[in-house]
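Chains, contacts and geometry: an overview
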Amino acid sequence: MQTNPRLNIRQVPWSNPVGADLRRAQQAELDARFGTPDHEPGPPPSSADCAVFLVAYDKGSGQPVGCGGLRMIDATTAEIKRLYVLPYTRGSGVASSILAALEAEAFKLGYTRIKAEAGSAQPDGRNFYENSGFEGVPNFGHYIGVAHSYCYAKSINARSAAQTAMA
């Protein structure tokens, strides 16, 4: 689903080098924000548990500007993982477009609920999820008992990606 006329959002394998570079950039930013590389509870996402991974490219320059994935939790629930946009593109709709595309892919795969987590050093991420229709939920999975984690969930249906794109 293309929700932003300035972007080309493509599904790529987890091993895609551009996606790997974007994930490394995200982790470096989080390491700096948290002051440690040990800020993610549980195993990191991988090709074995991520059903979808997307990379967004700027149509004008052809440059990658963001990414995001879906980690399978159970038969009806997926978790947003590694949603990241380059700092200079923030506030331009790139993250919302990636999220809308992820929601559309999740719905196509039969998921009816998506979850997300943002840490205490990510107020922008928490605001993003709250403004995108997610509601705060008790910490789930590896985030249970983690004081710096804020967890969110959203039910999805055929219209939710379009609603996210309009937010």
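Residues numbered from 1 in each chain as written. Predicted model: local features only at pLDDT ≥ 70, side-chain atom pairs only at ≥ 80, totals over all residues. Heavy atoms only, no water.

Going by an unreviewed UniProt entry, the protein carries the name N-acetyltransferase and comes from Pseudarthrobacter polychromogenes.

**Some words on the nonpolar core**
Ile80 and Tyr129 are the most contacted members of the largest nonpolar core, which totals 26 residues. Every element with two or more residues in this core is listed here: strand S1 (7-11), strand S2 (50-58), strand S3 (64-72), strand S4 (77-85), helix H2 (94-108), strand S5 (113-119) and helix H3 (123-131). The biggest single contributor to this core is H2, with seven residues. Apart from the residues lying within four places of it in its own chain, the contact partners of isoleucine 80 are Gly69, Leu70, Leu99, Leu102, Ile114, Lys115, Ala116 and Tyr129. Of all hydrophobic cores here, the second largest spans 10 residues; its members include Cys50, Val55, Tyr57 and Cys67. (Core = buried A, V, L, I, M, F, W, Y, C linked by side-chain atoms within 4.5 Å. Buried < 20%, exposed > 50% of the residue type's maximum accessible area, 1.4 Å probe, protein only. Helix = DSSP H or I, 4+ residues; strand = E, 2+ residues; numbered from the N terminus. Contact = heavy atoms within 4.5 Å.)

**Things to note about the environment of serine 47**
The residue serine 47 is located in the loop between helix H1 (17-34) and S2 in this model. Relative accessible area serves as the criterion here: at 55%, serine 47 is assigned to the exposed category. Separated by 32 residues in the primary sequence, serine 47 and serine 15 have C-alpha atoms spaced 7.3 Å apart.

**Focus on the environment of alanine 75**
Examined against the element boundaries, alanine 75 turns out to sit in the loop between S3 and S4. Take alanine 75: its relative accessible area is 69%, and that puts it in the exposed class. With 53 residues separating them in the primary sequence, alanine 75 and leucine 22 have C-alpha atoms 28 Å apart. In this structure, alanine 75 is in contact with Gly110 and Tyr111, ignoring residues within four places of it in sequence.

**Here's the deal with the environment of alanine 95**
Note on placement: alanine 95 falls in helix H2. Contact partners of alanine 95, with chain neighbours within four places excluded, come to Leu83, Val85 and Phe128.

**A closer look at unusual backbone geometry**
Most peptide bonds take the trans form, and the phi angle of most residues other than glycine is negative. Not every positive phi belongs to a glycine, and arginine 82 is a case in point at roughly 55°. Following the sequence through the fold, arginine 82 ends up in strand S4.

**Quick look at the sheet that holds S3**
Spatially, the seven strands line up as an open sheet ordered S1-S2-S3-S4-S5-S7-S6, and their pairing is mixed. Because the sheet does not close on itself, it has two edges, and the strands there are S1 and strand S6 (135-137). Adjacent strand axes in the sheet meet at a mean angle of 30° when their direction is disregarded. Examined bridge by bridge, S5 and strand S7 (residues 149-155) share seven bridges and lie antiparallel to one another. (Pairing = 2+ DSSP bridges. Axes fitted to C-alpha atoms, helices over the stretch in contact; angles between N-to-C directions.)

**Considerations on the packing of aromatic side chains**
Tallying each qualifying case throughout the model produces five aromatic pairs. Between tyrosine 129 and phenylalanine 134 the ring centres are 5.1 Å apart and the planes differ by 65°, which places this aromatic pair in the edge-to-face class. Across the pair, exposure class does not vary: tyrosine 129 and phenylalanine 134 are buried alike. Aromatic rings pair up to connect Phe128, Tyr129, Phe134 and Tyr152 into one cluster. The positively charged end of arginine 126 is found above the aromatic ring belonging to tyrosine 150, 4.5 Å away from the centroid. (Phe/Tyr/Trp six-rings, centres within 6.5 Å; stacked < 30°, edge-to-face > 60°. Lys NZ or Arg CZ within 6 Å of the ring centre and 35° of its normal.)

**So, the UniProt feature "domain: N-acetyltransferase" (unreviewed entry) in the protein**
UniProt's feature table lists "domain: N-acetyltransferase" (unreviewed entry) at residues 7-157, given in the numbering used throughout. From the first C-alpha to the last, residues 7-157 spans 23 Å; its make-up is 28% helix and 32% strand. (UniProt positions renumbered as here; feature names shortened; annotations may be inferred.)

**So, the state of the cysteines**
Summed over the entire model, instances satisfying the criterion amount to zero disulfides. Free cysteine cysteine 151: the closest other cysteine sulfur is in cysteine 50, separated by 16 Å. (Disulfide = S-S within 2.5 Å.)

**Some points on the pairing of S2**
Among the nine residues that make up S2, seven are buried, leaving the element largely enclosed by the rest of the structure. In the sheet, S1 pairs with S2 via five bridges, with the strands oriented antiparallel. Residue arginine 10 lies in a different strand from S2, and its bridge partner there is valine 55. Where S2 hands over to S3, the hairpin turn is made up of five residues, of which glycine 62 adopts a positive phi near 80°.

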